[in-house]
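# Working through the structure, step by step
Each chain, written out:
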Amino acid sequence: MENKERYFKALIENQGQLNALDLGEKIQLDEKETREIITKLLSEHRIRYDENSVCNYRVINKKNRSY
């Protein structure tokens, strides 16, 4: 999924500045597609929920992932 990788890269570059949906809009994704991408990234353990920041999701470093 091309948009998933685009969103993931944008999330890395964003560094918590925009919320998740605004970030999706910035790269021209609609709300539904953004939510689907977030769900997939969460299930792949590439991001995690973090309620204490502007953007509620943070990238998980590869070395910190547990499977």
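Up top is the structure these notes are about.
Here the residue numbering is sequential within each chain, running from 1 through the sequence in written order. Per-residue local features of the predicted model are confined to residues with pLDDT of at least 70, and side-chain atom pairs are confined, for both listing and counting, to 80 or more; whole-chain, interface and lining totals are unaffected and use all residues. Hydrogens are left out, water is left out, and the side-chain values use all remaining heavy atoms of the structure.

### A closer look at the layout of surface pockets
Heads up, the condition is: Buriedness for pockets is judged along seven lines, at least five of which must meet protein on both sides within 12 Å for an open set on the 1 Å grid over protein atoms alone, while cavities are sets there where a 1.4 Å probe fits but cannot get out, and lining residues have an atom within 4 Å of a point. Grid points are joined across faces, edges and corners, and a volume is the space filled by probe spheres set on the points. Helix and strand assignments follow DSSP, with helices taken as H or I runs no shorter than four residues and strands as E runs no shorter than two, numbered in order from the N terminus. Here the nonpolar group is Ala, Val, Leu, Ile, Met, Phe, Trp, Tyr, Cys and Pro; Asp, Glu, Lys and Arg are the charged ones; every other residue, Gly included, is treated as polar.
In this model, the largest pocket occupies a volume close to 160 Å³. Along the walls of the largest pocket sit Leu-11, Ile-12, Asn-14, Gln-15, Gly-16, Ser-53, Cys-55, Tyr-57, Arg-58 and Val-59, which together make up its complete lining. Of all the secondary-structure elements, those providing two or more residues to the lining of the largest pocket are α1 (2-14) and β2 (57-59). When grouped by side-chain class, the residues that make up the lining of the largest pocket number 5 nonpolar, 4 polar and 1 charged.

### Observations concerning unusual backbone geometry
A negative phi holds for most residues other than glycine; trans holds for most peptide bonds. This is how it is decided: Only protein chains enter the accessibility calculation, which uses a 1.4 Å probe; a residue whose area is less than 20% of its type maximum is buried, one above 50% is exposed, and one in between is partly exposed.
A positive phi is found at Gln-15, a non-glycine position, where the angle reads about 50 degrees. For Gln-15, the location among the structural elements is in the loop between α1 and α2 (20-26). Even without glycine at this site, Gln-28 takes up a positive phi of about 65 degrees. Overall, Gln-28 belongs to the exposed group, its relative accessible area being 71%.

So, to be careful, I would describe these as geometric facts and stop short of saying anything about function.
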